[in-house]
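Structure at a glance
So you can see what is in the structure, the chains are spelled out below.
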Amino acid sequence: MVDIAAERGKRASSRVSEEGAGWSCQQIGTFAGLRPNGHGFSWLNLRTLWRSRNEILAGLLGDPSGEVRGRWVATQEARGVDGEFRIRPGLGDSFDFLLLGDTGEGDASQYAVVPGMLKAGEGTAFAVIASDVIYPAGSGNEYGDKFFRPYQEYDAPIYAIPGNHDWYDGLGGFMRVFCDAPPLKPKPDRGLRGLLWRKPETIDERVLADARELRSRPSQQLAGQAAQPGPYWVIESPSLLVVGVDTGIRGTIDRKQTEWLRRVSLDPRPKILVTGKPIYTRNEYKPSKLEDGGTIDDIVTDPRHNYVAAIGGDVHNYQRYPVQVGDRVIQYIVSGGGGAFMHATHTIRRVDVAGVHEDDYRCYPLRGDSLSFYSQLYAKRLRMKWICLTPDEAACIMSEQIKNTPVRPMDGPVTVTARMRWAARLLGSWPWPFRLPVDKVFHRYLSELSDWDTPPFFKQFLRVSVTPDRLTLRCFAATGCLQQELEPPVEDEVVIGLS
C-alpha cells in the first residue's frame, strides 16, 4: 500500500528543491501562535550557562549519574514498579510511533516542529522523546511551556529517556513528571564537586499540576500504568521491542542498568535501541561505555540480541549510518533535531566510518544547506558580507570537499572561487593549514551559540511504522514555513526487514 502523504513529502523535500528546504518561505507557519508570548531561549546568557555547569564538573570531578540512578531505581522498585521496567501499551502486530530528540528549549525552534509532528503523527500509538526533554537544566518547574503546552494536542502517550541536561537537575524533574516519583532524599557530597554542583530545584507542585492539565485526556495517559517505570525501560509489542536506555551526563551505563539491558536483549523479538548518546555521529564511532567493561555496541551487535536499529539524541540534526555487521545491516541513526539549536552538518567530512560509503550515508540538513545558513547568519552578525554563500554555492563547495555530486539539482553552473573557499574555512567546512580543528570548535561551541528564531529551522522528527515483517523509518523535516507544516517533507526513508 502506497503512503500518498509520504510520497508527496518526498517530492517536497530539501533533496529536491530549495523551496523544500525552506529557503523561499512564502508564509511563516502557524507555530508562532502556539508559543507563550515573550518566551525565548538563548545560550548567549551567563545564567543559562551557569545552570548547565554540571556537565563540566562531571568531566573534571567525576560523574555521579550512575550512583544517583541506582538510588532512583531502588526507590521505584520499593514503590512496586515492574522490576524489568516493562511498558505494555497493548499494541497489536502493526503500529506506528513518533520519535523526537532534544526538544525542550521552549522557543520558536521547538514549537516550529509541532504542527508537522501533529499532521505526520496522526494515528500513531505513542511518541518517544530521546534525550534532553528540558533545557538548560531539566527543572521540573519548566515542563509547562517546554513539554505539556507544545504537545497538548498530541493525542497519545509520550515516553522519554533523559539526556545530560535532564541530569543537571539530578533527574528530579524528569522522574517527577514521567515516573510520578517523589524527590530523592539528599545525600551529602562533601568534596569540591558537592560544593559547586547544581542541586535539584524544589518543584512547585501547584504549577506542575496546572501544567499536567494540558495533557490530561485519557488517550494521552500511559495505557494500563500510572507512569513509566523508570529512566530506562522497554516498550513491548508482538512484533518489536523498543529499548530505552539512560546514558546520564557523560554517557556511561551503570552496572545494574547493564545487567537489565543484557536480560532484555536476550528476548528473541527484533529491537530498536533508543539512547541519549548516539553510537555513530559526525563520521566517528562513539559508543557509550559499560561500567563493567565493553560498550553498549557490544550488546547491539551481538547477533543473539536481534537489534535492527540504534537511535540516539544529543546531537541536534539527523544522520543515518547503515553499518554492515556480519551478514546483516544495522541502521545507526542520530535524531536530535526535535527543537533545540541545530548542530551544523557541513563540518562532517566524507563518510567512511565502519565501512559506510558516503553515497549510503544520509543527513539533514544537507551539508550545503547547513553551510549556506551559517554563512548568512554570521555574515549578518559579524557584518562580513563576503562570507555569505547561496545554497547553490555552498552545495558546490561541499561537493568539492566531500567529492560527491550535489544532492539537489542546481539552477545553473557555479564556479567555486577563493572567496567561497575562505568563507567555508571560517565556518569549519574546508580544511585549514596545519590541521587547525575549526570544524570541531564549530560543532562544539559556535552551533550552540548560534540559535535563531526564524525559518528555515531545519528541525526533524521520525515516524516509525511497524508490521510483523518490516520496519519503516521516515525522517520528516520541520522548516517553520506554512507549506512544510501542511505537507511535512520526507527527508529520508529506510525499510528494514524483521522476518
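Our subject is the structure listed above.
Before going into details, it helps to say that this report is about the structure given with it. (Residues numbered from 1 in each chain as written. Predicted model: local features only at pLDDT ≥ 70, side-chain atom pairs only at ≥ 80, totals over all residues. Heavy atoms only, no water.)

Looking now at the pattern of salt bridges. In the structure shown here, the tally under the stated rule is 29 salt bridges. Here Asp314 ties to Lys277 by a salt bridge, and the two come within 3.7 Å at their closest N and O atoms. Of this pair, Asp314 sits in the loop between β10 (307–312) and β11 (318–325) while Lys277 sits in the loop between β7 (271–275) and β8 (280–281), and the two are 37 residues apart along the sequence. Salt bridges sharing common partners tie together Arg51, Glu142, Lys146, Asp169, Arg198 and Glu201. (Salt bridge = Lys/Arg side-chain N within 4 Å of Asp/Glu carboxyl O. Helix = DSSP H or I, 4+ residues; strand = E, 2+ residues; numbered from the N terminus.)

A surface patch of nonpolar side chains, about 610 Å² in accessible area, is lined by Ile56, Leu60, Leu61, Leu192, Leu195 and Leu196. Every element with two or more residues in the nonpolar patch is listed here: α4 (54–61) and α11 (192–196). Relative to the elements of secondary structure, Leu60 occurs in helix α4. Taking the relative accessible area as the measure of exposure, Leu60 reaches 66% and is therefore exposed. (Patch = residues over 30% accessible without salt bridge, like charges linked within 9 Å, V, L, I, M, F, W, Y side chains within 5 Å. Areas by Shrake-Rupley, 256 points an atom, 1.4 Å probe, with all protein chains shown as cover. Buried < 20%, exposed > 50% of the residue type's maximum accessible area, 1.4 Å probe, protein only.)

What follows is about the pairing of strand β4 (residues 158–161). Of the two faces of β4, the one carrying Ile158 and Ala160 and the one carrying Tyr159 and Ile161 are both buried. Of the strand pairs in this sheet, strand β3 (residues 126–130) and β4 are connected by four bridges, and their pairing is parallel. Following the sheet pairing, Ala127 is matched in β4 by Ile158. With helix α8 (residues 143–148) bridging β3 and its parallel neighbour β4, the resulting β-α-β unit is right-handed. (Pairing = 2+ DSSP bridges. Right-handed = clockwise from strand over helix to strand, strands pointing away.)

This structure, assessed with the given rule, holds one disulfide. Each sulfur in the disulfide pair Cys25 and Cys481 lies 2.3 Å from the other. Here the S-S torsion is close to -135°, and the disulfide linking Cys25 with Cys481 is therefore left-handed. Here the residue Cys25 occupies a position in the loop between α2 (18–21) and α3 (46–51), and Cys481 occupies one in the loop between β15 (470–478) and α19 (482–486), the gap between them amounting to 456 residues. Judged by relative accessible area, which is 3%, Cys481 ranks as buried. (Disulfide = S-S within 2.5 Å.)

So, on to the nonpolar core. Counting residues in each nonpolar core, the largest one holds 63 residues, and the members touching the most others are Phe97, Ile235, Ile272 and Leu471. Looking at which element gives the most residues to this core, the answer is helix α15 (residues 367–381), with six residues. In this structure, Leu471 is in contact with Leu240, Ile272, Val308, Val464, Ser465, Val466, Val494, Val495, Ile496 and Leu498, ignoring residues within four places of it in sequence. Grouped together as the second largest cluster of nonpolar side chains are 41 residues, Trp72, Ile129, Trp167 and Val177 included. (Core = buried A, V, L, I, M, F, W, Y, C linked by side-chain atoms within 4.5 Å. Contact = heavy atoms within 4.5 Å.)

This next bit is on the side chain of Asp492. By secondary structure assignment, the location of Asp492 is in strand β16 (residues 490–497). Within the structure, Asp492 has its side chain in polar contact with the side chain of Tyr318 (distance 2.5 Å). Side-chain polar atoms of Asp492 contact the side chain of Arg320, separated by 2.6 Å. The residues touching Asp492, leaving out its near neighbours within four places in the chain, are Tyr318, Arg320, Arg362, Leu473, Arg474 and Cys475. (Polar contact = N/O pair within 3.5 Å; in protein donor to acceptor, adjacent residues only side chain to side chain.)

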